Each structure stands twice: as C-alpha cells, then as structure tokens.
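# Structural overview
Residues per chain are reported as follows:
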Amino acid sequence: MANRHGLPAKMTDAEFNEIDQNPPAWLAQSRANRTGKKVWVELTCDVCGYHEAARPKKWWPEFTYLTCEHHEIGSVPDPAEGMHRSEIDGIGTRFVAIVDAKP
Ligand SMILES: [Zn+2]
C-alpha cells in the first residue's frame, strides 16, 4: 500500500509511481522501519526474575509461565485441572515457555 507521508502534496501520479518504484534512500529506510516489526517484548522468568527484551516470534504461543531453561519444571505451579501442559524451548536466548491449554 502506498503511503504518501512525507511526500509533497502536489506530486502527480506519475511522479509518485516513479518514486514508488525507485525510492530514494531516505524513503527506502523509512519503509524498512515501518515494515520491520519494531515490537519488542519483555521476557521475564517466572522463577528467578531474569528478563531480557526480545522480538516476538509469530510461532510463540500464549505463555502460561516462562522460565529459564535450567530451572526444574516443578519450579512453577502445576497446571490447572484438566489443562494439558507443554513446553516450548527456544524462546529468547534462554527461556522455556510453559503453555497450559485445554486438550
Ligand atoms: Zn530463571
């Protein structure tokens, strides 16, 4: 989608198409900033409180708990009755996500 932000208001369609196809460096940079997800999340260990900022990944589910990978699984409360627990590692640099979900 074209976004004219920062471009002259009186630009013609031809000019706009030209700049759209061959964006100057400043526009390419600005587009990269806009499309690059600048969203960061704070990952915090529920056991020891260690935290780090990370870029969220699409495949990350909703975490019930988050712990450093070296903690025992028993360090966090048991899943609620009827919930199925799974662990997902590879979150951030050192985290394991614990996800309780209805089976
Ligand atoms: Zn920890």
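To keep things clear, this report deals only with the structure shown in the data block. Chains are numbered independently. Their residues run from 1 in the order of the written sequence. Whole-chain, interface and lining totals are the exception, using all residues; otherwise, since this is a predicted model, local features are given only for residues with pLDDT of at least 70 and side-chain atom pairs are given and counted only at 80 or more. The side-chain numbers reported here are obtained from all heavy atoms of the structure, hydrogens and water having been left aside.

## Some remarks on the nonpolar core
The set of buried Ala, Val, Leu, Ile, Met, Phe, Trp, Tyr and Cys residues whose side-chain atoms join them within 4.5 Å is what this entry labels a nonpolar core. Exposure classes here rest on a 1.4 Å probe applied to the protein chains alone. A residue is buried below 20% of its type maximum, exposed above 50%, and partly exposed in between. In terms of nonpolar packing, the biggest core is built from nine residues, these being L43, C45, A54, W60, L66, C68, I91, F95 and A97. Mapped by element, the contributors of at least two residues to this core are strand 3 (65-68) and strand 5 (95-101). Throughout, a contact is declared for two residues whenever any of their heavy atoms are within 4.5 Å. Contacts of A97, omitting those with residues within four sequence positions, involve F63, Y65, L66, S86, E87, I88 and I91. The numbering of helices and of strands both runs from the N terminus, where a helix is a DSSP run of H or I of at least 4 residues and a strand a run of E of at least 2.

## Looking at the packing of aromatic side chains
Note on aromatic contacts: the rings of Phe and Tyr and the six-membered ring of Trp form a pair at centre separations within 6.5 Å, being stacked when their planes are under 30 degrees apart, edge-to-face when over 60 apart, and tilted otherwise. Evaluation of the coordinates by the stated rule reveals three aromatic pairs. Judged by centre distance (5.8 Å) and plane angle (40°), the rings of Y50 and F95 are tilted. A residue pair is termed long-range when its members are at least 10 positions apart, and Y50 in the loop between strand 1 (41-44) and strand 2 (51-54) and F95 in strand 5 qualify at 45 residues. What makes Y50 partly exposed here is its relative accessible area of 30%. Given a relative accessible area of 0%, F95 falls into the buried group. Consider the rings of W59 and W60, whose centres lie 6.2 Å apart with planes at 85°: the pair is edge-to-face. Judged by relative accessible area, W60 falls into the buried class, the value being 12%.

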